[in-house]
Amino acid sequence: MTENRKEINNQIPNDLSSFWMPFSANRQFKKSPRMFVAAKDMHYISADGRLILDGTAGLWCVNAGHCRPKITKAIQQQAQELDYAPAFQMGHPKAFQLANKLADLAPADLNNVFFTNSGSESVETALKIALAYHRVRGEGSRFRLIGRERGYHGVNFGGTSVGGIMPNRKMFGTLLTGVDHIAHTHLPQKNAFSKGQPEYGAHLADELERIIALHDASTIAALIIEPVAGSTGVLIPPKNYLQRLREICTKHGILLIFDEVITGFGRLGAPFAADYFDVIPDIMITAKGLTNGVIPMGAVFVKSEIYNAFMRGDEHLIEFMHGYTYSGNPMAAATALATLETYKEEGLLTRAADLADYWQEALHSLKDAPFVIDIRNIGLIGAIELEPIKNMPTKRAFSAFIKAYENGLLIRTTGDIIALSPPLIIEKNQIDEIVDGLRKILHEVE
Ligand SMILES: Cc1ncc(COP(=O)(O)O)c(C=O)c1O
């Protein structure tokens, strides 16, 4: 991996001005760039030739680790065989094979799969399916979408509207109308340093009843939530909270949408959070781990009942006016099939369950490190919340992120929270390496 380093270094451009980087501090980055030039299994290689341990599976997506042979080969073969097939009114075998495999993997009767190219597109697709589903059944008055404070559902207009992260919303005006939010479940006074699911907070599900009392159930199409909120800094659902939300949705005919873009494909130690918590949504949103992050792809799973509701009218008519040029495209489908095979061969969709206790104890050993005010964990997800610097929120965690990178460790920060989600192939000694690295860094940051 390192032989070509010199050659790769020569490819680094001198001028970084044109690329407007997403969700990044562009000016800071361009003054002091952090470039990856290669990757293998648990590691990246930086442009200055250092091994960086991946504590975040890229962006919560590289669940099988980097540059896995089966996936690489599948992409090479597919590119030679069938590069593209029209997504509308035409098909190719791998999209159907993949949908069947996904339906087999998904819990309960989430048997129909709509392909997209990202988590954000999966969110928009799910919201549109929910609205249209009620309409095709003659309940078009159900137009409201309910999200949750601190939720993250990508960056498109629907997802930003049902999302609940203030800085992501405030630049963009009114967004969608007819959207409301239930309260988030972060209760540090009661639940700080909980291991796994917090004991306290199931009653917050009743927030949905409050919103129903305000708007009436007959106007509400769906509730969308992340079973474990990731991007906001890892908020783990209190015990029985998700079960209660499920009951309330069922009682009022409201569709429950789980956004499993992060939790899908083994992150918690089960294929999906729906399996882990034994709470089955009506619609399940995925992306990221579906293709190991290698080729963009998302998938929205719906219950057969929802799919069947659309299958009416003359057969030559299109049943659902939605889709993307690249929905289920051959390259992405081949990548996803090879990813699923890799997960299966290596038992990766349940591996986090074997490591969860070790991960938990390792993370919580940081309880007495400087500035730590909370530690949260579930499956192979963790968060370490730091006390913010007065009047400079996010600065301390950002300094920790830079120091971690300088010390050979990739972490992710959001606000003053360090979020961790390593590839599911991680070994125990690498968990130790992450935690020892963090301890050192927390002693160095100011
Ligand atoms: C829960 C959730 N939904 C949606 C998205 C958006 O996915 P993408 O960045 O692929 O559009 C993300 C991304 O982190 C996510 O965590």
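Counting restarts for each chain: residues are numbered from 1 in the order of the written sequence. In view of the model being predicted, local features appear only for residues whose pLDDT reaches at least 70, and side-chain atom pairs are presented and counted only at 80 or more, with totals across whole chains, interfaces and linings using the full set of residues.

S.K.: Help me out: how do you make sense of the overall build of the chain in this one?
M.R.: A tally of helices and strands in the chain yields 17 helices and 15 strands. The quantity called the radius of gyration is restricted to C-alpha atoms. Its globule counterpart is 2.2 Å times the number of residues to the power 0.38. Its C-alpha atoms give the chain a radius of gyration of 22 Å, near enough to 22 Å, the size a compact globule of 446 residues would have. By principal-axis analysis of the C-alpha atoms, the chain measures approximately 60 × 55 × 45 Å. Whether a residue is buried, exposed or partly exposed is read from the other C-beta atoms within 10 Å of its own C-beta, which are placed from the backbone; 20 or more gives buried, 12 or fewer gives exposed, and intermediate counts give partly exposed. Residues counted as buried form 46% of the 446 residues belonging to the chain. Under the DSSP-based scheme used, a helix requires at least four consecutive residues in state H or I and a strand at least two consecutive residues in state E, with every element numbered from the N terminus.

S.K.: Just to check I follow, could you spell out the domain arrangement of the chain for this structure?
M.R.: Often, the extent of an interface is quoted as the loss of accessible area on bringing the components together. Source of the domain bounds: an automatic or database domain assignment. Under the domain assignment, the chain is made up of domain 1 (5-64 + 348-444) and domain 2 (72-345). Here, residues touch in the contact sense if the C-beta positions derived from the backbone fall within 7 Å of one another. Each partner contributes residues to the interface: domain 1 has 34 residues there, and domain 2 has 29 residues. Mapped onto the side of domain 1 that touches domain 2, the elements with two or more residues apiece are helix 3 (57-60), helix 15 (348-364), strand 11 (372-378), strand 12 (381-386) and strand 15 (417-420). Grouping the constituent residues of the side of domain 1 that touches domain 2 by class yields 18 nonpolar, 11 polar and 5 charged. Gly falls in the polar group here, along with every residue not listed as nonpolar (Ala, Val, Leu, Ile, Met, Phe, Trp, Tyr, Cys, Pro) or charged (Asp, Glu, Lys, Arg).

S.K.: Which parts of the structure should I look at to understand the site of the ligand?
M.R.: With respect to spatial proximity, 14 residues lie near the ligand, and among them Ser118, Gly119, Ser120, Gly154 and Val261 are the closest. Among the elements that line the shell around the ligand, the one with the most residues is helix 6 (residues 119-136), at 3 residues. Across the shell around the ligand, the residue classes tally to 5 nonpolar, 7 polar and 2 charged. We call a residue near a molecule or strand if the C-beta atom, set from the backbone, is within 6 Å of it.

S.K.: I keep staring at helix 16 (residues 395-406) and nothing clicks. Help me out?
M.R.: An α-helical segment advances 3.6 residues per turn. Residues three or four places apart therefore align on the same side. An ideal rise of 1.5 Å per residue puts 16 Å on 12 residues; helix 16 measures up with 17 Å between its terminal C-alpha atoms. Of all the residues in helix 16, the buried ones are Arg396, Ala397, Ala400, Phe401 and Ala404. Relative to the axis of helix 16, the buried residues are bounded by an arc of 145 degrees and lie together on one face. Residues of helix 16 that are buried sit in contact with strand 12, strand 13 (409-410), strand 14 (412-414), strand 15 and helix 17 (428-444). Downstream of helix 16 by one or two residues, glycine 408 has phi in the positive range, about 85 degrees. Expected span of a helix, by definition, is 1.5 Å for each gap between consecutive residues, and there is one gap fewer than residues. The arc refers to the directions leading from the helix axis to the C-beta atoms.

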